Amino acid sequence: MAELSELFAPERIAVVGATDREGSVGRAIMENLIDSYVGEVVPVNPSREAVFDRTAFDGVGETDADLAVVVVPPEIAVDAVREAGEAGIRSVVVITAGFGETGSDGAAREQELRAVAESYDIDLVGPNSLGIMSTPVGMNASFGPEDAESGRMSFMSQSGAFITAVLDWANEQGIGFKDVVSLGNKAVLDESDFVESWGDDAATDVIIGYLEGIDNGQRFIETAREVTQETPIVLVKSGRTDAGAQAASSHTGTIAGSDEAYEAGLDQAGVIRAESVQELFDAARVLESQPVPERDGVAVITNAGGPGVMTTDAIGDSRLSMASFSEETLDAFRETLPAGGNVYNPVDVVGDADNERFRDAVDVALADENVGSVIVLACPTAVLDYEALAEDTVALQEQHGKPVAACFMGGARVDAAENALGEAGIPNYFDPARAVGGLDALSQFRDISTREYQEPTEFDVDRERAREILSAVEDRADTRLGVEAMELLDAYGIETPEGSIVDAPTDALEIAEGIDGDVVMKIVSPDILHKSDIGGVKVGVSHENVYDAYEDLVSRARNYQPDATIIGVQVQEMVDLDTGVETIVGVNRDPQFGPLLLFGLGGIFVETLEDTTFRVAPVSRPEAAAMTDEIDAAPLLRGARGRDPVDIDGVVETIQRLSQLVTDFPAILELDINPLVAAPDGVSAVDVRLTVDPDRL
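Residues numbered from 1 in each chain as written. Predicted model: local features only at pLDDT ≥ 70, side-chain atom pairs only at ≥ 80, totals over all residues. Heavy atoms only, no water.

A word on the nonpolar core
Nonpolar side chains tend to gather and get buried jointly when the protein is soluble and globular.
For step 1, the next point in the chain: Of all hydrophobic cores here, the largest spans 52 residues; its most connected members are Leu-7, Leu-33, Ile-132, Met-139, Phe-194 and Phe-220.
For step 2, the next point in the chain: With five residues, the top contributor of residues to this core is helix α9 (residues 258-269).
For step 3, the next point in the chain: Residues Val-461, Val-483, Ala-634 and Ile-655 belong to the second largest nonpolar core, which totals 50 residues. (Core = buried A, V, L, I, M, F, W, Y, C linked by side-chain atoms within 4.5 Å. Buried < 20%, exposed > 50% of the residue type's maximum accessible area, 1.4 Å probe, protein only. Helix = DSSP H or I, 4+ residues; strand = E, 2+ residues; numbered from the N terminus.)

Next up, the structure:
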């Protein structure tokens, strides 16, 4: 795709389907463009000689336009785009609905539209789009009722109605935008294209959006990861509670719903995810206008004890911390505050504080090297002039160059102060928690912009052996594999206990005699997923009992499920669970992001406790290491209550190797290593099961 410069800054726009008929979309777009667009607007309507006193063209190919906005019925919209392409128009917005969102006929039409756009290298927005806006050129090529005010945020949304609601609210709040895009069905241009374009746009300081889905998760991660080194991205992603569309047979598949993939993918991309529209704009406004703090310590300056405590609680719930003042700062507060004031954080300047006392306290706090940012929190009193306090806050923020959030509480008396703060880029919030949330976003972006990304390690593995093992599912109705696929792990260098699968008791005894000490024996059947539930696992079997144990395991399996396919019995070296920790490493293939890695506490409690964390594969070593830190059971891995720490490096390498395996083989739909026993002297994959798509081998 191009840099999309012509899409947002065309010199001549053709409206295909332009009309002055009341209540029509074609009229609304014409009126919006005529109202403020600095370029030329030409109507295309073969049934009219003129529209709004402008000569109408019979076809878009005659217009010599840079951008075509298509609002004709879906049956002829594709032909209009084709004509635009033939005429050399490389930017098109298809407002028209009636494509993929309407069923099979519409989907076929959308596929044809995509093919036409690709054949002519057209940057196409839509179809089924509200349109686009770009304030530097006064362009409102949409049928929304509001123009956007000028600003330095660029905004994309999969919901056109959401755009109209946001613009109506934003205009009232004085929030402006650079570009606005209604993504529609994303037949050609999608969220990654706009992130890439706005990331290169010096006039866009913050990228925000509302997304219902991401078409190509891997591409989005790669694109956003690069952009967020300089430009913050804040998104609302709806569908947080969606548990996923397909039934899952593995532990990982059961736990990993679609939102886990989005949460992991957005985090790896460096995107700040907002829970609500309010959070979206609270974060965006401060990211647009405030400097990034050097540290996370926050000073709270207030004339009200209760709100000060509320702010302290909100900071405790965030990634931020209450700043610890230096002795010099404490001495300065003691000199300027009355006896009833509190010199420690939160600083209480007392309810009778006038503007001079408030200003001096904010100045002292901002001067402290331990303070990364300041919240100025005020409640109205007869001796405090809010507008003067706003002017002082603006001046001090500029002087010290640190981020400041204001929380001037009250009603109409706040308006003038809020305007003064807003003009200087300092947001004002009634709720202290929102002020903390804005500063928290700045802290997040500081860490995101300084991340150093490493390429995943490429291990020396036996891909051909792995492919041979996976191919066992070909020509089978059941495409699941269990412990019979343990050699798959061996092929990728993942440690497994000594052992083998046998189909006769005499062979079981032979294998057991080659292993020092007692053994573990498990029934091997793709039809019996939870072996321990049916007594299909025997632990600590002595050599003299191996023969009888084999017969008993097979008998139990037959009684439990007479039609089950019994491959045999696995005889395996005992793994010391007393000194180790049972963990799980798994993968579930997400439709948008691809392989989603899981790590967590394993064993029989994995689905009960769900102490897990996720990443989209492939992962680098730092990403794999971070996964071992994020679970609640992390202290167990590092040695707790007198236990020896386990081999963390071995766990990290196992995560990396599994990441490489599932990246190399998209045919692996689900895979669990459970348990992966992590002990002080190494790790061992005790059990595995996976589901394979033979068509992707």
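Don't stop here, the text continues.
What about the packing of helix α13 (residues 355-367) against helix α14 (residues 386-400)?
For step 1, the next point in the chain: At their nearest, the axes of α13 and α14 sit 10 Å apart, and the two run at 20 degrees to each other. With respect to α14, the axis of α13 lies roughly parallel. Here the hand of the crossing between α13 and α14 comes out right-handed. Every residue of α14 that contacts α13 at Asn-355, Phe-358, Arg-359, Val-362, Asp-363, Leu-366 and Ala-367 is listed here: Ala-388, Leu-389, Asp-392, Leu-396, Gln-397, Gln-399 and His-400.
For step 2, the next point in the chain: Its residues placed into classes, the contact of α13 with α14 shows seven nonpolar, four polar and three charged. (Axes fitted to C-alpha atoms, helices over the stretch in contact; angles between N-to-C directions. Parallel < 35°, antiparallel > 145°, perpendicular 65-115°, else oblique. Left-handed = near helix turned anticlockwise from the far one by under 90°. Contact = heavy atoms within 4.5 Å. Nonpolar A, V, L, I, M, F, W, Y, C, P; charged D, E, K, R; others polar.)

Some details on the layout of surface pockets
For step 1, the next point in the chain: Size it by volume and the largest pocket reaches roughly 980 Å³.
For step 2, the next point in the chain: If you trace the largest pocket, you find 44 residues lining it, with Ser-532, Ile-604, Asn-674, Pro-675 and Asp-687 closest to the centre.
For step 3, the next point in the chain: Secondary-structure elements contributing two or more residues to the lining of the largest pocket are β20 (480-481), β22 (519-524), β23 (537-541), β24 (568-573), β28 (668-679) and β30 (688-692).
For step 4, the next point in the chain: Its residues assigned to classes, the lining of the largest pocket shows 20 nonpolar, 12 polar and 12 charged. (1 Å grid on protein atoms, 1.4 Å probe; cavity = no way out; pocket = protein on both sides within 12 Å on 5 of 7 lines; lining within 4 Å. Points joined across faces, edges and corners; volume = space filled by probe spheres on them.)

Remarks on unusual backbone geometry
For step 1, the next point in the chain: Cis geometry marks the peptide bond from Ala-617 to Pro-618; its omega dihedral reads 5 degrees.
For step 2, the next point in the chain: Cis geometry marks the peptide bond from Asn-674 to Pro-675; its omega dihedral reads 0 degrees.
For step 3, the next point in the chain: Summarising the element assignment, Pro-675 is placed in strand β28.
For step 4, the next point in the chain: Although it is not a glycine, Asp-121 adopts a positive phi angle of roughly 55 degrees.
For step 5, the next point in the chain: Mapped onto the elements of the fold, Asp-121 is located in the loop between α4 (104-119) and β7 (123-125).
For step 6, the next point in the chain: On the basis of relative accessibility, which here comes to 51%, the residue Asp-121 falls in the exposed class.
For step 7, the next point in the chain: Of note in this structure, Val-350 is not a glycine but carries a positive phi near 80 degrees.
For step 8, the next point in the chain: Structurally, Val-350 can be placed in the loop between β17 (347-348) and α13.
For step 9, the next point in the chain: Judged by its relative accessible area of 23%, Val-350 falls in the partly exposed class.

A short note on the sheet that holds strand β13 (residues 233-237)
For step 1, the next point in the chain: The seven strands lie next to each other as β9-β8-β11-β10-β12-β13-β14, forming an open sheet whose pairing is mixed. A strand with exactly one partner marks an edge of an open sheet, and here the two such strands are β9 (139-142) and β14 (272-274). Recorded for the sheet is a direction-independent mean angle of 15 degrees between the axes of neighbouring strands.
For step 2, the next point in the chain: Relative to strand β11 (residues 179-182), strand β10 (residues 153-157) runs parallel, the two being bridged by three bridges. Across the sheet, Met-156 pairs through a bridge with Val-181, a residue of β11.
For step 3, the next point in the chain: Running at roughly 145 degrees to β10, helix α5 (residues 160-173) makes contact with β8 (131-134), β10, β11 and β12 (206-211) of the sheet. (Pairing = 2+ DSSP bridges.)

A few points about a nonpolar patch on the surface
For step 1, the next point in the chain: Among the surface-exposed residues, Ile-604, Phe-605 and Leu-609 lie close enough to one another that they form a single nonpolar patch of about 350 Å² accessible area.
For step 2, the next point in the chain: Positionally, Ile-604 belongs in the loop between β26 (594-601) and α21 (606-609).
For step 3, the next point in the chain: Relative accessible area serves as the criterion here: at 67%, Ile-604 is assigned to the exposed category. (Patch = residues over 30% accessible without salt bridge, like charges linked within 9 Å, V, L, I, M, F, W, Y side chains within 5 Å. Areas by Shrake-Rupley, 256 points an atom, 1.4 Å probe, with all protein chains shown as cover. Salt bridge = Lys/Arg side-chain N within 4 Å of Asp/Glu carboxyl O.)

Observations regarding the sheet that holds β22
For step 1, the next point in the chain: Pairing within the open sheet is antiparallel, and its four strands lie in the order β21-β24-β22-β23. Where the open sheet ends on each side, the last strands, each with one partner, are β21 (499-502) and β23. Across the sheet, the mean angle from the axis of one strand to that of its neighbour is 20 degrees, orientation sign disregarded.
For step 2, the next point in the chain: Pairing of β21 with β24, which is carried by four bridges, proceeds in the antiparallel orientation. Of the residues in β24, the one forming a bridge with Gly-499 is Gln-572.
For step 3, the next point in the chain: Across the sheet, helix α20 (residues 546-560) touches β21, β22, β23 and β24, and the angle it forms with β22 is around 30 degrees.

Some thoughts on α13
For step 1, the next point in the chain: For α13, with 13 residues, the first-to-last C-alpha span of 18 Å sits near the 18 Å given by 1.5 Å per residue.
For step 2, the next point in the chain: All of the buried residues along α13 are Asn-355, Arg-357, Phe-358, Ala-361, Val-362, Val-364, Ala-365 and Leu-366.
For step 3, the next point in the chain: Of the surrounding secondary structure, the elements contacted by the buried residues of α13 are β15 (297-302), α12 (327-336), β18 (373-378), α14 and β19 (404-408). (Expected span 1.5 Å × (residues − 1).)

So, the environment of Val-71
For step 1, the next point in the chain: Among the structural elements, Val-71 can be located in the loop between β5 (67-70) and α3 (74-86).
For step 2, the next point in the chain: The class for Val-71 is buried, based on a relative accessible area of 18%.
For step 3, the next point in the chain: Apart from residues lying up to four places away in sequence, Val-71 is in contact with Val-15, Val-16, Gly-17, Ala-18, Val-25, Gly-26, Ile-29, Ile-95 and Thr-96.

Regarding a negative patch on the surface
For step 1, the next point in the chain: Together, Asp-58, Glu-62, Glu-83 and Glu-86 make up a region of like negative charge exposed at the surface.
For step 2, the next point in the chain: In this fold, Asp-58 is placed in the loop between β4 (54-55) and β5. (Lys, Arg positive; Asp, Glu negative; His and termini not counted. Charge placed at Lys NZ, Arg CZ, Asp CG, Glu CD.)

So, the side chain of Lys-178
For step 1, the next point in the chain: Here Lys-178 shows up in the loop between α5 and β11.
For step 2, the next point in the chain: Once residues within four sequence positions are removed from consideration, Lys-178 is found in contact with Met-133, Ser-134, Thr-135, Pro-136, Gly-151, Arg-152, Met-153, Ser-154, Asp-201, Ala-203 and Thr-204.

Describing the packing of aromatic side chains
For step 1, the next point in the chain: One pass over the structure, following the stated rule, counts 12 aromatic pairs.
For step 2, the next point in the chain: Summarising the aromatic geometry, the rings of Tyr-492 and Phe-665 are spaced 6.4 Å apart at their centres and angled 75 degrees between planes, so their arrangement reads as edge-to-face. Of the two residues, Tyr-492 is situated in the loop between α18 (486-491) and β21 and Phe-665 in the loop between α24 (648-664) and β28; the sequence distance between them amounts to 173 residues. Here the two residues Tyr-492 and Phe-665 agree in accessibility, since each one is buried.
For step 3, the next point in the chain: Every member of this aromatic cluster is reached through a ring pair, and the members are Phe-155, Phe-162, Trp-169, Phe-177, Tyr-210 and Phe-281.
For step 4, the next point in the chain: Here the basic side chain of Arg-109 rests over the ring of Phe-99, its NZ or CZ set 6.0 Å away from the ring centre. (Phe/Tyr/Trp six-rings, centres within 6.5 Å; stacked < 30°, edge-to-face > 60°. Lys NZ or Arg CZ within 6 Å of the ring centre and 35° of its normal.)

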